[in-house]
Each structure stands twice: as structure tokens, then as C-alpha cells.
Amino acid sequence: SSGINAEYGDILHRKCSEAEAYATNHDGTQKKNTSILLGGCSFSTSQLTQRENLLNNLGHLPEKPKDRIAWRIDKKTKPTGWDLEWGLEEDSMLLIGVYEHGLGSWDKIISDAKLNLADKVFPSDSEGKPRQEHLQTRAEYLLKNLPKLTTKSPTKAPKKKEKREKKKKKEPDEDIREYFEEKPAKSKRTKRTKKKEEEEEEEPAEGKPAEAECSDVVFKKCKEMMRPVRKTLRMLENPKDDADTEEQLRQTKSHLLTIGQQIEKNCEGKSEEWVKEWTENLWVFVSQFTPIGSKQLKKLYNKAVRQSSESQTKTSKKRKR
């Protein structure tokens, strides 16, 4: 389950970064109330970013369990004003509990015998302090100020000196080939029935996760600009199942040449700033039709353009001979 949680965390982080990038005003300021959709739920990007920044401070705690349980805050914290005695020991145990069980998992943290917090928290129906909601406020305060509350760096195993071989940079083809060999879902968009496909023939990308990654205005504008190649987008979304990896790769390159040329056509006569912003927006839009990311799609398109140009040059030379 930890692997699944980590995967969901990565997805949330990526979507937050992309959504906030699209929600930036022309003067560089951030638009308010930006949100993303994931699994039918709406998340505030600002709240998620703040929570992620808080949890990143848990890196000040030791990684090894034995070292972690012996770790303590070594600077004075602000008093709680609670009905039960609460000091640095309890603050330290609270952070260790958050590290091991997660922020908000108060039942697990309280019942963890090694933390000794069971007798330090009142039941939820009690009027005494602290209750679980008070632990939330206290934990957020500690996480925010953790870099200032400890002077000892976390214990880490010494790194062995090893000669590291320089990693050979992967060609775009190699990365994309992996997608086909692993046989991922055909696209990031939700599955639709054949009847709905027919009804929405003129609306190939309506109501899809792209809306979670950019504002409605940007999404609709991308959709309109890419309307001339909507059939190609469908073919990119639904590659032939009986084709082998190399054939799927060839087909993808062919579709990307058509799609990329449409993107460049949309950028003709526009300012450099406009081209930079909308080229990125359009490739993200295209990425909703395939499990391949927008950056990889752009790299693959650029390589396909070079290969096509080289092929035409060779053909031209042969004809001259």
C-alpha cells in the first residue's frame, strides 16, 4: 500500500505543479483558488503545496527506526496551554508519529505504544485539551518550525565511495518504447461507451482530465486550436492492439508529425512569449490522449521532424545522381 500511496503522491505533485503553472497571471502572480480533479475529487493546489512543504521538513528526522525513536527536539517550543502536561518529549513523539503514520492519522499515532501518547490525549467527546483536532494544529506548528527547533542533523549511514558510471542519456525512442512494451492504459482520459463516442464525435476531449490541469478557458482554447487534427488525436489515443512495439512507435511518430505541424501552425505570427506559453499548453492537451508525457511527446516530435528531413535529403540526393 505504501507503493500505491507514493504513486498517488507523485500524481498529485505533478498535477499541482502543472495546474499552478497554467494558473499564473501575465504579471507572474498566482491566481487564487486553483484546484485539480483526481478520482472525481477536487483538491486545492495551494493547500496541497503547503502540506507538501510541511511534510518535507520531516527530513530532519533520522531515517533508521532505532535512531528515529531516540530523536528529540532540542530547542524550546511555545507552550500549549492544554489541560495535560505537554512538553518537548510529547512534541518529539508527535512528530515521530506523523513521520511513521502520516499527518492526520491520530488514532494510529495515539495507539502506538512506543510513542506513549495514549494518556496525553482526551477523547473526542470530551471538553478537555488536547483532543485530536488540537494535535493537528500542534503538528502543523511543529512541522513549520522544525528546521529551527533542532540543531542535530538526522543520522545517516555514511556513503560508500564508488565510481559512478555516467548514465547514457536515453533517446526519446527508448523511453517511448518502454510505454508500449509495458502495455499501459490507452490514454489518460476516462473510458467512454461506443454510444457516447458517437454522440461526442465533434467533441473529442470534453470533460477529460485535461480540465484538471488547466483552466476551462485554456482547455477550450486548446481544443479549438487542435480541432483540425481531432481524428489524428483519436488514432493516437487508440493505437492498433495487434501492432508490435516498433509499428506502434512508427504510427505514433506519424501522428505526432501531423499534430506537431498543427501546433506550429497555430503559433505562426505570434509573439515569442505567446508561442512559449501555448506550445506547452497544447502539448499538455495532446498528452491527455496517450500515457506518454507532454515533454516526451515534444521530444519525440522533434526527433521525427529531424528524421523526416534527413530522409527527404537522402531521397533528393539519390534523384540527382
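Residues numbered from 1 in each chain as written. Predicted model: local features only at pLDDT ≥ 70, side-chain atom pairs only at ≥ 80, totals over all residues. Heavy atoms only, no water.

Some details on the overall build of the protein
Part 1: Across its full length, the protein holds 14 helices and 2 strands.
Part 2: Put simply, the protein has 321 residues, and 36% of those count as buried.
Part 3: Summing over all exposed atoms, the protein offers an accessible surface of approximately 21200 Å²; the carbon and sulfur share of this is 49%. (Helix = DSSP H or I, 4+ residues; strand = E, 2+ residues; numbered from the N terminus. Buried < 20%, exposed > 50% of the residue type's maximum accessible area, 1.4 Å probe, protein only. Areas by Shrake-Rupley, 256 points an atom, 1.4 Å probe, with all protein chains shown as cover.)

Overview of unusual backbone geometry
Part 1: Omega for the bond connecting Lys129 with Pro130 falls within 30 degrees of zero, at 10°, which places this linkage in the cis form.
Part 2: By the element assignment, Pro130 lies in the loop between α5 (106-111) and α6 (132-149).
Part 3: Phi at Asn116 is positive, roughly 55°, even though this residue is not glycine.
Part 4: Structurally, the position occupied by Asn116 is in the loop between α5 and α6.

Here's the deal with the confidence of the model for the protein
Close inspection of predicted coordinates is inappropriate for parts of the model with low pLDDT.
Part 1: Chain-level pLDDT for the protein is 75 on average; 63% of the residues reach the 70-or-more range.
Part 2: Confidence over residues 190-212 falls short of pLDDT 50; this stretch has 39 contacts with residues more than four positions distant or in other chains. (pLDDT = per-residue confidence, 0-100. Contact = heavy atoms within 4.5 Å.)

Focus: the nonpolar core
Part 1: One finds Trp71, Leu94, Leu95, Val98, Trp106, Leu135 and Leu142 to be the most contacted residues of the largest nonpolar core, which totals 26 residues.
Part 2: Going through the elements one at a time, α4 (88-101), α5 and α6 are the ones with two or more residues in this core.
Part 3: At 7 residues, the largest contribution of residues to this core is made by α6.
Part 4: If we skip the residues at most four places from it in the chain, Leu135 touches Trp82, Trp86, Leu94, Trp106, Ile110, Val121 and Pro130.
Part 5: Counting residues in hydrophobic clusters, the runner-up holds 23 residues, among them Val218, Ile263, Val286 and Ile292. (Core = buried A, V, L, I, M, F, W, Y, C linked by side-chain atoms within 4.5 Å.)

Brief notes about the packing of aromatic side chains
Part 1: This structure, assessed with the given rule, holds 5 aromatic pairs.
Part 2: Seen from their ring centres, Phe219 and Phe285 are 5.9 Å apart, and the 55° between their planes marks the pair as tilted. Highlighted residues: Phe219 in helix α10 (residues 216-225) and Phe285 in helix α13 (residues 272-287), separated in sequence by 66 residues. Exposure class is identical for Phe219 and Phe285. Each is buried.
Part 3: Their ring planes at 45° and their centres at 5.6 Å tell us that Trp283 and Tyr301 sit as a pair that is tilted. (Phe/Tyr/Trp six-rings, centres within 6.5 Å; stacked < 30°, edge-to-face > 60°.)

Observations concerning the environment of Gln248
Part 1: Here Gln248 is to be found in helix α12 (residues 245-267).
Part 2: With 12 residues separating them in the primary sequence, Gln248 and Leu236 have C-alpha atoms 9.6 Å apart.

Side note on the environment of Arg72
Part 1: With respect to the element layout, Arg72 can be found in the loop between α3 (65-69) and α4.
Part 2: Of the residues examined, Arg72 reaches a relative accessible area of 30% and is grouped as partly exposed.
Part 3: Sequence spacing of Arg72 and Glu90 is 18 residues, and the spatial spacing of their C-alpha atoms is 9.4 Å.
Part 4: Contact partners of Arg72, with chain neighbours within four places excluded, come to Glu89, Ser92, Met93 and Ile96.
Part 5: Only 2.8 Å separates the side chain of Arg72 from the side chain of Glu89, close enough to count as a polar contact. (Polar contact = N/O pair within 3.5 Å; in protein donor to acceptor, adjacent residues only side chain to side chain.)

Describing a negative patch on the surface
Part 1: Taken together, the side chains of Glu272, Glu273, Glu277 and Glu280 make up a negatively charged region of the molecular surface.
Part 2: If you trace the backbone, Glu272 turns up in helix α13. (Patch = residues over 30% accessible without salt bridge, like charges linked within 9 Å, V, L, I, M, F, W, Y side chains within 5 Å. Salt bridge = Lys/Arg side-chain N within 4 Å of Asp/Glu carboxyl O. Lys, Arg positive; Asp, Glu negative; His and termini not counted. Charge placed at Lys NZ, Arg CZ, Asp CG, Glu CD.)

Structural notes on the packing of α4 against α6
Packed helices, taken two at a time, are described by their axes: the angle between them and the distance between them.
Part 1: Where α4 contacts α6, the two axes come as close as 10 Å, and the packing angle between them is 90°. Here α6 runs roughly perpendicular to α4, going by the angle between their axes. From α4, Asp91, Leu94, Leu95 and Val98 reach across to α6, where they touch Leu135, Arg138, Ala139, Leu142, Leu143 and Leu146.
Part 2: Taken together, the residues that form the contact of α4 with α6 break down as 8 nonpolar, no polar and 2 charged. (Axes fitted to C-alpha atoms, helices over the stretch in contact; angles between N-to-C directions. Parallel < 35°, antiparallel > 145°, perpendicular 65-115°, else oblique. Nonpolar A, V, L, I, M, F, W, Y, C, P; charged D, E, K, R; others polar.)

Structural notes on the side chain of Arg68
Part 1: Residue position: Arg68 is located in helix α3.
Part 2: Residue classification places Arg68 among the buried positions, given a relative accessible area of 6%.
Part 3: At 2.7 Å, the side chain of Arg68 forms a polar contact with the backbone oxygen of Glu63.
Part 4: Residues contacting Arg68, with those up to four places away along its chain left out, are Leu61, Pro62, Glu63, Ile96, Tyr99 and Glu100.

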